[in-house]
Amino acid sequence: MTGSGMGCPDWPKCFGQWIPPTDITQLPVDYKTRFQVAGKLIADFDPFKTWVEYINRLIGILIGFFAILTVAASGPLRREQKKVFQLSVAGLLAIIFQGLVGAYVVRTHLQVGTITVHMLIAIAIMGIYITALLNSYRNEILDQQTDVPQVPGILVYTGLAVIVLTLGQILLGTQVRENVDIVAEQMGEENRMGWIAALGGVYQVHRVFYYALAISLGFWLYRLQPWIRKPGLIQRLSLGATGVLIASIMLGLGMHHLGIPKIFQPLHLLFATVLIGIEFGLLGVLFLLNRESKQ
């Protein structure tokens, strides 16, 4: 999200070290040539980007350990709650695959499309664990939603359409993010207010797409009013989705009118990712209720 993908030009080490440098004096004079990737010289050393990338890797390792613990904890449940165990194993395998993709992204010097794939896998991993959690707490969720109308299948399909639109918006956002890096390199930091005009068609589609997303999410939540009125998980998720969407749109407007402030970029994408996670959770709850009504 911060454009730090090449903060460490090698993998698994960082500039050939297990503990990354904090100052350019800790690197050899010819570091840009020595650590070139895919035949390309790397950018000037930036300690912030180096440590963002390295901390990203450390967090990935920590997530891997938690994934192993999750598989171990779900093992005794594989007879009673087979899906929870299967999802836990799937999550661990997806995390391992994500690590390999991350290494490929670095070794190909952020080859076009690889960052988007990396982001998609991260969202898929989030979806796997949300599904595992919903199945783990299935009985508690169903108990919360008593005395409410049956959930029709159309609301499940509507939610799926909203998630597809949100995912499309995130993918457009990653493309805009890559274009911002290109424009920034061409125009320089001093012309920041002119970056928006130079972004081109992908950015314009990204802007308009937010209207479609806001309308579709609003329509879905409107149709969910009988379930939202009852305190519980559906109500909390619906309020969360509304708040996060508004925050993401406000950040997008702020970037458009304020010359893309640095802090707004990662926050904008972060809120979009949180939004799709909330939508996925809400869809999962509705799916559980829909299946329960058919039994």
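As a convention, each chain's residues are numbered from 1 in the sequence order in which they are written. Residue-level local features of this predicted model are given only where pLDDT is at least 70; pairs of side-chain atoms are given and counted only at 80 or more, and the full residue set underlies all totals for whole chains, interfaces and linings. Only hydrogens and water are set aside; all other atoms, that is, all heavy atoms of the structure, feed into the side-chain values.

(A) Up close: helix H2 (residues 47–74). In DSSP terms, a helix is any run of H or I states spanning at least four residues, a strand is any run of E spanning at least two, and both are numbered starting from the N terminus. Here the expected length of a helix is defined as 1.5 Å per residue gap, with one fewer gap than residues. In a regular helix each residue adds 1.5 Å, so 28 residues correspond to 40 Å; H2 covers 40 Å between its end C-alpha atoms and thus fits that length. Inspection of H2 places Thr50, Glu53, Tyr54, Arg57, Gly64, Ala67, Val71 and Ser74 among the buried residues, and these make up the whole buried set. Residue contacts are defined here by distance: any two heavy atoms, one from each residue, within 4.5 Å place the two residues in contact. Tucked into the core, H2 has its buried residues touching helix H3 (82–107) and helix H4 (114–136). Summary of the burial criterion: residues with accessible area below 20% of their type's maximum are buried, those above 50% are exposed, and those between are partly exposed, where the area comes from a 1.4 Å probe applied to protein chains only.

(B) Quick peek at the layout of surface pockets. Two kinds of site are reported from a 1 Å grid over the protein atoms alone, namely cavities, where a 1.4 Å probe fits but cannot get out, and pockets, open sets with protein on both sides within 12 Å along at least five of seven lines, and residues are called lining when an atom falls within 4 Å of a point. Grid points are joined across faces, edges and corners, and a volume is the space filled by probe spheres set on the points. Considered as a void within the structure, the second largest pocket measures approximately 540 Å³ in volume. Elements that contribute at least two residues to the lining of the second largest pocket include exactly helix H6 (153–187), helix H8 (201–223), helix H10 (233–258) and helix H11 (264–294). Class assignment of the residues belonging to the lining of the second largest pocket gives a composition of 16 nonpolar, 8 polar and 2 charged. Amino acid classes used here: Ala, Val, Leu, Ile, Met, Phe, Trp, Tyr, Cys and Pro are nonpolar; Asp, Glu, Lys and Arg are charged; the rest, including Gly, are polar.

(C) Spotlight on the packing of H8 against H10. It is at 11 Å that the axes of H8 and H10 come closest, and there the two elements cross at 160°. Relative to H10, H8 is oriented roughly antiparallel. H10 is crossed by H8, and the crossing has left-handed handedness. Taken together, the residues of H10 that come into contact with H8 (itself represented by Tyr203, Arg207, Tyr210, Leu213, Ala214, Leu217 and Leu221) are Ser238, Ala241, Thr242, Leu245, Ser248, Ile249 and His256. Looking at the contact of H8 with H10 residue by residue, the classes come out as 9 nonpolar, 4 polar and 1 charged. As a rule, the C-alpha atoms of each element are fitted with a line to give its axis, helices using only the stretch in contact, and angles between N-to-C directions run from 0 to 180 degrees. Note on angle classes: values under 35 degrees are labelled roughly parallel, values over 145 roughly antiparallel, values of 65 to 115 roughly perpendicular, and the remainder oblique. By convention the crossing between two helices is left-handed if the near helix lies anticlockwise of the far one by an angle smaller than a right angle, and right-handed if it lies clockwise.

(D) Expanded view of the packing of aromatic side chains. Side-chain rings of Phe, Tyr and Trp (the six-membered ring for Trp) are treated as a pair once their centres are within 6.5 Å; stacked means planes under 30 degrees apart, edge-to-face means over 60, and tilted covers the remaining angles. Evaluation of the coordinates by the stated rule reveals 4 aromatic pairs. Where Phe15 meets Tyr31, the ring centres are 6.4 Å apart and the plane angle is 70°; that geometry is what we call edge-to-face. Within this pair, whereas Phe15 is found in the segment before helix H1 (31–34), its partner Tyr31 is found in helix H1, the two being separated by 16 residues in sequence. Assessed through its relative accessible area of 5%, Phe15 is described here as buried. One aromatic cluster is present, formed by Phe15, Tyr31, Phe35 and Phe45 through successive ring pairs.

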